[in-house]
Amino acid sequence: MKVDKTLIASVALHVLVIGWGLVSFSARSLEAPPPESMPVDIISAEQLSKITAGIKTGQKENPKPLVEKVADARPAEDAVGKITEKKEIVTASAPEPPPKPVEKPVEKKPEPPKPVAENKPKDEPKPIEKKPDPPKVDPIAEALKSEEAKKPVPKHEAKATPPPPPKPKQERTFDQSKIAALLDKRDPTRQAITGAALNSSASLGTTRGTAATLSQSELDAMRARLASLWNVQPGVEHPEELYVTVRIRLNPDRRLAGPPQVISTGSSPRYQAAAEAAVRAVLQGQPYTMLRDETYEQWKYMDIDFDPKQMFRS
Amino acid sequence: MSVTSFSLAPLPLSRRDILIGGAACGAGLLLPSLAGAQTKLIIPEGNVAPLPIAIPDFVGGTPSDGEVGVGVTQVITNNLRRSGLFAPIDQAAFIEKIVNIDAAPQFQSWKTINAQALVTGRMTRQGDGRLKAEFRLWDVAAGQQLIGQQYFTSPEYWRRIAHIISDQIYERLTGDKGYFDSRVVFVDETGSKERRVKRLAMMDQDGANVRYLTRGSDLVLTPRFSPSTQEITYMEFGQGDPRVYLFNIETGQREIVGNFPGMSFAPRFSPDGQRVIMSLQQGGNSNLFVMDLRSKSTTRLTDTPAIDTSPSYSPDGTRICFESDRGGKPQIYVMAATGGPAQRISFSKDDANGSYSTPVWSPRGDYIAFTKQGGGQFSIGIMKPDGSGERILTSGFHNEGPTFAPNGRVLMFFRDPGGNSGPSLFTVDISGRNELRVPTPGFASDPAWSPLLS
């Protein structure tokens, strides 16, 4: 009987594939570890973006935080505004220059410098040289007249352009149609986002952003846990002699990698008892669930000082 | 009596524990080299609380030993609780029942009830009639044995065994010497206020085993232990003037100390037990004298037209504190043990009329305890030997006569509420937190604590 070679090949191949599958995809038992309690910290969106160095409008796939300037890393508070250098802040009490010349020429067109001189003799050179403003100017006032300020020059010679509606001298009237002029016309500004290397595209954030430092709340939580477990003898004498430093190494599972080491020294039996009490507290405290994965590098090794002297100040 | 002791070998740990231990050693060697950048955390505050300790009933080695096992456990529990430094956990909370002390306990079940230390033990009557006591002290968090010890003694001394074990636990966990294996001599008072009978009595520090040393026909006051704990010196009103006596506890013999004209009172042994220091009356005044018990030679230490009394040696025997009214009111002075100029150390800050009396130097040397009188109150307090750091531990209508426990951490004194009632004994630790009444059969006053018996 003639046997189809392709059939044999097909059967052999199927057996091979199924056999391999049986071995490779053997059922694995389902592991159900007991759920651990988890500390929940409520943080604001700003805190989150600081932790992750991310920006809401960023791209998900971008792994690097936005950096516009090479400097020490500092995340953005708000990535919307335009970047400026920080300006010196000038208070409103600074010398008040040009607005008046604008008014005066309206009444006395032929001689603009004079009314200015009447008002403020200091301003005399202004009609001649308009551009060099006094170095320190109220930015808002400056913005207010930023457009008009250019006009006085033509006005001075040609008297052609009619000035903006005249205002009675020294009296402030509220003109609803000019509210826009009171608005701050500067663009919103902010400081540049700094980092170690320039990166022009924003990101949603990374797990290891700039704020991956042990937060105070983590340390506080750990301190509180140890303080509650650290049993101190009532009425102990000379507590200043019982300062114990314990060095620990933690695994990423927040448990001790080895027995705690007492690295401070003392030979008295009282010191030994105090050191053992400190070690007991550290042993009982694990797992230190308040510590975050991101900060592992910082809590991998810790020195914990147990200092009883403040408790027994007499 | 004799108590012989041997230490118990630590239990062999399981293979797993040894492996962990080995890994830990490796990690320990590695740690210092990697140090440098780690986070430092300062814990400035802890839980100032008595240490939770679990003391399950000692196992009986034979079925008939169960009772003594329970008794020993109760004595230890009571001792540790009264010290104020331990909080024995109620046995009802225990999860694991200890049946064999030669197997490591299940530490997890003791952690669950928040025990930091665990005591397991066994009492066994031996073939020769002696009692064998074994105990182990465990650190629950670390899963380690801290002490393992066994003792042999006659069965009637089971309470003493319990006190010795208590001292071991106390010393290992606090770092201070214990004080439980000690006695207190005191004046037992019975009868109505008008016809009060005062007898010299002695008991264990926890109030058990009361023995009466005198019959009560004569009035006795201020008993004091010798450092050997075999002798007591006290003052007794006999037929004539009050006299200082020596009393041998073992033989019951007593003898007069010296033969002086007038009263002799306020005796106390020197730390070496070779001398007795006391006050001798001379007219309206009294001065301090010291008498060598072997040569019977007497040396005068003070010579003032004032009442110098209540002398007490520093533990090294080089100095003496005493009470004197040479400045007008009774105050505490310190001088060299050989006499010479004395320096006043007691100065009442809150009450210009305050006076101080009955000074007694701590066996540790760090404090002098006293009775302070002022503002209608009698207080018990301590101060450093230079007079600084005064701390009042208890106040009330009438508190008097402090005496230090052998470890210098606890004081006993007597308190008289007044009226038709009588005095009773109290203990307070030197922080003043833990004040407790000491059970006595009747009224009791003038306690004096012995040194440790062992």
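Keep in mind the model is a prediction, meaning the values are calculated, not measured. For every chain, the first residue of the written sequence is number 1, and numbering continues from 1 onward in sequence order. Naming scheme: in the order in which they are written, chains are lettered from A and ligands are numbered from 1. Thresholds applied to this predicted model are a pLDDT of at least 70 for local features of residues and 80 or more for the giving and counting of side-chain atom pairs; totals over whole chains, interfaces and linings are not thresholded and use all residues.

Regarding the overall build of chain A
And then number 1: Only DSSP runs of H or I with at least four residues qualify as helices, and only runs of E with at least two residues qualify as strands; both kinds are numbered from the N terminus onward. The secondary structure content of chain A amounts to 10 helices and 8 strands.
And then number 2: Buried positions account for 21% of the 314 residues belonging to chain A. Backbone-placed C-beta atoms define the burial measure: a residue is buried with 20 or more other C-beta atoms within 10 Å of its own, exposed with 12 or fewer, and partly exposed in between.

Some thoughts on the sheet that holds strand β16 (residues 254-256) of chain B
Residues and elements named next belong to chain B.
And then number 1: A pair of strands is treated as paired once DSSP finds two or more bridges between them. An order of β13-β14-β15-β16 is seen for the 4 strands of this open sheet, with the pairing classed as antiparallel. The open sheet is flanked by β13 (219-225) and β16, the only strands paired with a single partner. Neighbouring strand axes in the sheet, compared pairwise and without regard to direction, differ in orientation by 30° on average. To obtain each axis, a line is fitted to C-alpha atoms, and for helices this fit is confined to the stretch in contact; angles are then taken between N-to-C directions over 0 to 180 degrees.

Re the interface of chain A and chain B
And then number 1: Contact definition: two residues whose C-beta atoms, as placed from backbone geometry, lie within 7 Å. With 42 residues of chain A in contact, the opposing surface of chain B contributes 36 residues.
And then number 2: Among the secondary structure elements, those contributing two or more residues to the side of chain A that touches chain B are α8 (216-229), β5 (231-232), β6 (244-249), α9 (269-285), α10 (296-299) and β8 (301-306) of chain A.
And then number 3: Ranked by residues supplied to the side of chain A that touches chain B, first place goes to α9(A) with 10 residues.
And then number 4: Amino acid classes used here: Ala, Val, Leu, Ile, Met, Phe, Trp, Tyr, Cys and Pro are nonpolar; Asp, Glu, Lys and Arg are charged; the rest, including Gly, are polar. Across the side of chain A that touches chain B, the residue classes tally to 22 nonpolar, 11 polar and 9 charged.
And then number 5: The pairing of β5(A) with strand β3 (residues 47-48) of chain B spans 2 bridges and is classified as parallel. Residue pairing in the sheet places A:Asn231 in a bridge with B:Asn47 of β3(B).

Describing the sheet that holds strand β17 (residues 264-269) of chain B
Residue and element names in this part refer to chain B.
And then number 1: Taken together, 4 strands build an open sheet; the order of strands is β17-β18-β19-β20 and the sheet is antiparallel. Because the sheet does not close on itself, it has two edges, and the strands there are β17 and β20 (298-300). Across this sheet, the average inter-strand angle for adjacent strands is 30°, counted without regard to direction.
And then number 2: In this sheet, strand β19 (residues 285-292) lies alongside strand β18 (residues 275-282) in antiparallel orientation, the contact comprising 8 bridges. From the neighbouring strand, Leu 280 faces β19, where its bridge partner is Asn 287.

Re the confidence of the model for chain B
Residue and element names in this part refer to chain B.
And then number 1: pLDDT is a residue-level measure of predictor confidence that goes from 0 to 100. Here chain B averages 85 in pLDDT, while 93% of its residues score no lower than 70.
And then number 2: Overall, residues 13-37 carries pLDDT values under 50, and its contacts beyond four positions in sequence, including any with other chains, amount to 15 contacts.
And then number 3: The ipTM for the predicted assembly is 0.78, set against a pTM of 0.68.

Quick word on the nonpolar core
And then number 1: Core membership is restricted to buried Ala, Val, Leu, Ile, Met, Phe, Trp, Tyr and Cys residues, and these are joined into a nonpolar core through C-beta atoms within 7 Å. In this structure, A:Ala278, B:Ile53, B:Ala117, B:Ile368 and B:Leu411 are the most contacted members of the largest nonpolar core, which totals 133 residues.
And then number 2: In terms of residue count, α9(A) provides more of this core than any other element does, 9 residues in total.
And then number 3: In this view, B:Ile368 contacts B:Cys321, B:Ile332, B:Pro359, B:Val360, B:Trp361, B:Ser362, B:Ile382, B:Met383 and B:Pro385; residues no more than four positions away in its chain are not counted.

Description of the environment of B:Met335
Residue and element names in this part refer to chain B.
And then number 1: Note that Met 335 resides in strand β23 (residues 331-336).
And then number 2: The buried category is assigned to Met 335, around which 20 C-beta atoms lie within 10 Å.
And then number 3: Those residues in contact with Met 335, other than ones at most four positions away along the chain, are Arg 319, Ile 320, Gly 340, Pro 341, Ala 342 and Gln 343.

Observations regarding α8(A)
And then number 1: Take the number of residues in a helix, subtract one, and multiply by 1.5 Å to get its expected span. Its 14 residues place the ends of α8(A) 20 Å apart at the C-alpha level, agreeing with the 20 Å of an ideal helix rising 1.5 Å per residue.
And then number 2: Of all the residues in α8(A), the buried ones are A:Glu218, A:Leu219, A:Met222, A:Leu226 and A:Leu229. One side of α8(A) carries all its buried residues, which in axial view fall inside an arc of 95°. Set apart from the buried face of α8(A) by more than 90 degrees, the exposed residues are A:Gln216 and A:Asp220.
And then number 3: Contacts made by the buried residues of α8(A) are with α9 and β8 of chain A together with β2 (39-43) of chain B. The directions from the helix axis to the C-beta atoms form the arc being described.

Some points on the pairing of strand β27 (residues 377-383) of chain B
Residues and elements named next belong to chain B.
And then number 1: Among the 7 residues in β27, 5 count as buried, and that is most of the element.
And then number 2: Two strands pair when backbone bridges link them, and strand β26 (residues 368-374) and β27 are joined in this way by 7 bridges, in the antiparallel orientation. Directly across from Lys 372, in β27, lies its bridge partner Ser 379.
And then number 3: The loop that links β26 with its antiparallel partner β27 comprises 2 residues; one of these, Gly 375, has a positive phi angle of about 60°.
And then number 4: As paired strands, β27 and strand β28 (residues 391-396) are joined by 5 bridges and run antiparallel to one another.

So, the packing of helix α2 (residues 66-83) of chain B against helix α4 (residues 158-174) of chain B
All names here are of chain B.
And then number 1: In contact at an axis separation of 9 Å, α2 and α4 are set at 45° when each is read in the N-to-C sense. For the element pair α2 / α4, the angle class is oblique. At the point where α2 passes α4, the crossing takes the right-handed sense. Of α4, the residues touching α2 (which contributes Val 68, Gly 71, Val 72, Val 75, Ile 76, Asn 79, Leu 80 and Ser 83) are Trp 158, Arg 159, Ile 161, Ala 162, His 163, Ile 165, Ser 166, Ile 169 and Tyr 170. Working rule for angles: under 35 degrees goes down as roughly parallel, over 145 as roughly antiparallel, 65 to 115 as roughly perpendicular, anything else as oblique. For any helix crossing, the convention is left-handed if the near helix is rotated counterclockwise from the far helix by under a right angle, and right-handed if that rotation is clockwise.

A word on the packing of α8(A) against α9(A)
Residue and element names in this part refer to chain A.
And then number 1: The N-to-C vectors of α8 and α9 enclose an angle of 125°; their axes lie 8 Å apart at closest approach. By the criterion of interaxial angle, the relationship of α8 to α9 is oblique. Remark: the crossing between α8 and α9 carries right-handed chirality. Where α8 approaches α9, its residues Arg 225, Leu 226 and Leu 229 are matched on the opposing element by Ala 281, Val 282, Gln 284 and Gly 285.
And then number 2: Of the residues belonging to the contact of α8 with α9, the class tally is 4 nonpolar, 2 polar and 1 charged.

With respect to the environment of B:Ile53
Residue and element names in this part refer to chain B.
And then number 1: Assignment of secondary structure puts Ile 53 in strand β4 (residues 51-54).
And then number 2: Linking Ile 53 and Gln 116, residues 63 residues apart in sequence, is a C-alpha distance of 5.8 Å.
And then number 3: In this structure, Ile 53 is in contact with Leu 80, Phe 86, Ala 87, Pro 88, Ile 89, Ala 115, Gln 116, Ala 117 and Val 119, ignoring residues within four places of it in sequence.

A look at the environment of B:Leu436
And then number 1: Here B:Leu436 is to be found in strand β32 (residues 435-437).
And then number 2: Not counting chain neighbours up to four residues away, the residues in contact with B:Leu436 comprise B:Arg82, B:Phe426 and B:Thr427.

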